[in-house]
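Structural overview for review
Here is what each chain is made of, one letter per residue.
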Amino acid sequence: MKGNEAIAHAAIRCGADGYFGYPITPQSEVIETLAELKPWETTGMVVLQAESEVASINMIYGGAGAGKKVLTSSSSPGVALMQEGIAYMAGAELPGVFVNVQRGGPGLGTIQPSQSVYFQATRGGGNGDYYVITLAPNSVQEMADFVDLAFELAFKYRNPAMILSDGVIGQMMEKVVLPPFKPRRTEEEILKECPWATTGRTKDRKPNIITSLELTSEVMEQRNLHLQEKYQQIRDNEVRFETMNLNEEDDYMIVAFGSAARIAEKAMELAKEEGMKVGLFRPITLWPFPEKEIAAAAKGKKGVLVVEINAGQMVEDVRLSVNGAVPVAHFGRLGGIVPEPDEIVKALKEKF
Amino acid sequence: MAKIKGAIVVNTERCKGCQLCIIACPKNVIALAQKKVNAHGYPYVEASLPDECIGCASCAIVCPDGCITVYKKKVE
């Protein structure tokens, strides 16, 4: 099935309570598949097409405030519209899952695949010092698997989580093993797991208030410090990455995420056939970024090539991680053009 | 010997313009429709040289979305 269809199936199977979205190419199949599967008749999951991305993100804000497992999906320009709501959720410490099937930009850009939103996704995106846990799948299988993982992380840290996919993976057809069915949580379970949720006040407790607003600077600073402490915890515990054929004696290392990593994998094979010693490093969490791991893996290499489908975004994080120890170069195509494996091999030869 | 002629019908609403069929076609029958897109905004393929089609169904086999139906006809 398509990556987008896998997201829809996985959302129902992981016991999500609601999906609120607005169609946009290349992710319209998510809401199309949900409409076809009619989960409101089986699990009771709500599926709603909102009037805009701004409306859908605020529905997520409301649903998450009630302790529900809610998700939305969109593509680059749509997620740009959602940033206000995501910042509110980060400020109010609410869990929610966003699927971003990236397309080219800026502005409306193109509907063809790109990795144009790396900066926005990994730097928070909206206003204020906050971060969004960002997972980058590179296959349809991971599209299905990461929905449950994203919910798990979002609820564990009470923070929004994003699945940063792109038009290639969203539209790609692959075999996939769907996750097992999990029942939706009951009201009692939500009360137990989310004591902060606004589920209706009972006589024995104070009302729960969900807001990102605080007008007293001293209190707001404490809240900010608390958030920063939480982000540090996430950085310490949740870094995920994968290496392929990466050996210490290799001359070069390619760093790529998402669909670019799939293309880089093929490029690595081609380069190996030509006798080059190349390994691949794929960050799975883009925030928290595997800084220490990349620095360690880059040690002793002649060069690190960052392959992206953009003009050079993750390359900045790789440079910061390597901190000048090894030359770092970037290769990417723009405007919805997907790089070819032999172009990457050529870039590897030319740049170092 | 009877000649076999083929014809293809593309489900343009499901086509995402991946162009795998264009590469697969041995007769270069298929091309992207010029300046036309479907409801999703994707350029879709069409038979630009329909008379050349031999009904080999390579395009239908390679299509990841099952958008292409192939018809075969004997020509006496």
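Residues numbered from 1 in each chain as written. Chains lettered and ligands numbered in written order. Predicted model: local features only at pLDDT ≥ 70, side-chain atom pairs only at ≥ 80, totals over all residues.

Looking only at helices and strands, chain B features 2 helices and 4 strands. Starting at the N terminus and ending at the C terminus, chain B contains elements arranged as β-α-β-β-α-β. Compactness check: chain B gives a C-alpha radius of gyration of 12 Å against a globular reference of 11 Å for 76 residues, within 12% of the reference. Relative to its full complement of 76 residues, chain B shows a buried share of 22%. The long-range share in chain B, meaning contacts at least 24 apart out of those at least 6 apart in sequence, stands at 66%. (Helix = DSSP H or I, 4+ residues; strand = E, 2+ residues; numbered from the N terminus. Rg over C-alpha atoms; globule rule 2.2 N^0.38 Å. Buried ≥ 20, exposed ≤ 12 C-beta atoms within 10 Å, placed from the backbone. Contact = placed C-beta atoms within 7 Å.)

When helices and strands are counted, chain A shows 14 helices and 12 strands. Radius of gyration (C-alpha) of chain A: 21 Å, near the 20 Å computed for a compact globule of 352 residues. Projected onto its principal axes, the C-alpha coordinates of chain A cover approximately 70 × 50 × 35 Å. Taken across its 352 residues, chain A has 51% of its residues classed as buried. Contacts in chain A between residues far apart in sequence, at least 24 positions, make up 78% of those at least 6 positions apart.

This brings us to the interface of chain A and chain B. Where interface size is quoted, it is often the accessible area lost as the parts come together. In this assembly, 5 residues from chain A lie in contact with 6 residues from chain B. Looking at the side of chain A that touches chain B residue by residue, the classes come out as 2 nonpolar, 3 polar and no charged. (Nonpolar A, V, L, I, M, F, W, Y, C, P; charged D, E, K, R; others polar.)

Another aspect to go through is helix H13 (residues 314-322) of chain A. Residues and elements named next belong to chain A. Along H13, the residues that are buried comprise Met314, Val315, Asp317, Val318, Ser321 and Val322. For H13, the arc enclosing every buried residue in end-on projection is 160°, short of the 170-degree limit, so these residues lie on one face. Looking at the buried positions of H13, the neighbouring elements they touch are helix H6 (118-122), strand S8 (252-255), helix H12 (291-298), strand S11 (303-308) and strand S12 (328-332). Count one or two residues on from H13 and you reach Asn323, which has phi positive near 55°. (Arc of directions from axis to C-beta.)

All names here are of chain A. Of the two faces of S8, the one holding Tyr252 and Ile254 and the one holding Met253 and Val255 are both buried throughout. The sheet contact formed by S8 and strand S9 (residues 278-283) spans 4 bridges and is parallel. Paired with Val255 across the two strands is Phe281, which belongs to S9. For the crossover from S8 across helix H11 (residues 258-273) to S9, the handedness is right-handed. (Pairing = 2+ DSSP bridges. Right-handed = clockwise from strand over helix to strand, strands pointing away.)

Residues and elements named next belong to chain A. Where H12 meets H13, the closest approach of the two axes is 8 Å, and the angle between their N-to-C directions is 70°. For the element pair H12 / H13, the angle class is roughly perpendicular. In the packing of H12 onto H13, the handedness of the crossing is right-handed. Of the residues in H13, those in contact with Glu291, Ile294, Ala295 and Ala298 of H12 are Val318, Ser321 and Val322. The class makeup of the residues in the contact of H12 with H13 is 5 nonpolar, 1 polar and 1 charged. (Axes fitted to C-alpha atoms, helices over the stretch in contact; angles between N-to-C directions. Parallel < 35°, antiparallel > 145°, perpendicular 65-115°, else oblique. Left-handed = near helix turned anticlockwise from the far one by under 90°.)

Let us look at unusual backbone geometry. For residues besides glycine, phi is generally negative; the peptide bonds are generally trans as well. Residue and element names in this part refer to chain A. Cis geometry is found at the peptide bond from Gly105 to Pro106, where omega equals -5°. Note that Pro106 resides in the loop between strand S4 (96-102) and H6. With an omega of 0°, the peptide bond between Trp287 and Pro288 qualifies as cis. Mapped onto the elements, Pro288 comes out in the loop between strand S10 (285-287) and H12.

It is worth spelling out the sheet that holds S12(A) at this point. Residue and element names in this part refer to chain A. On the basis of which strands lie adjacent, the open sheet formed by 5 strands has the order S7-S9-S8-S11-S12 and mixed pairing. The open sheet has two edge strands, strand S7 (241-244) and S12, and neither has a second partner. If you compare each strand with its neighbour and ignore which way they point, the axes differ by 20° on average. Looking at chain direction, S11 and S12 are connected through 5 bridges and run parallel. For Val304, the partnering residue across the bridge sits in S12 and is Val328. The sheet contacts of H11 involve S7, S8, S9 and S11, and relative to S9 the element is tilted by about 170°. Helix-sheet contacts for H12 involve S7, S8, S9 and S11, and the interaxial angle to S8 is about 155°.

Residues and elements named next belong to chain A. Between the first and last C-alpha of H11 there are 24 Å, a value that for 16 residues agrees with the 22 Å anticipated at 1.5 Å per step. Regarding H11, the residues found buried are Gly258, Ser259, Ala260, Ala261, Ile263, Ala264, Ala267, Met268 and Ala271. Where H11 terminates, the next one or two residues include Gly275, which has phi positive at roughly 90°. (Expected span 1.5 Å × (residues − 1).)

The values are spatial; any link to function lies outside them.
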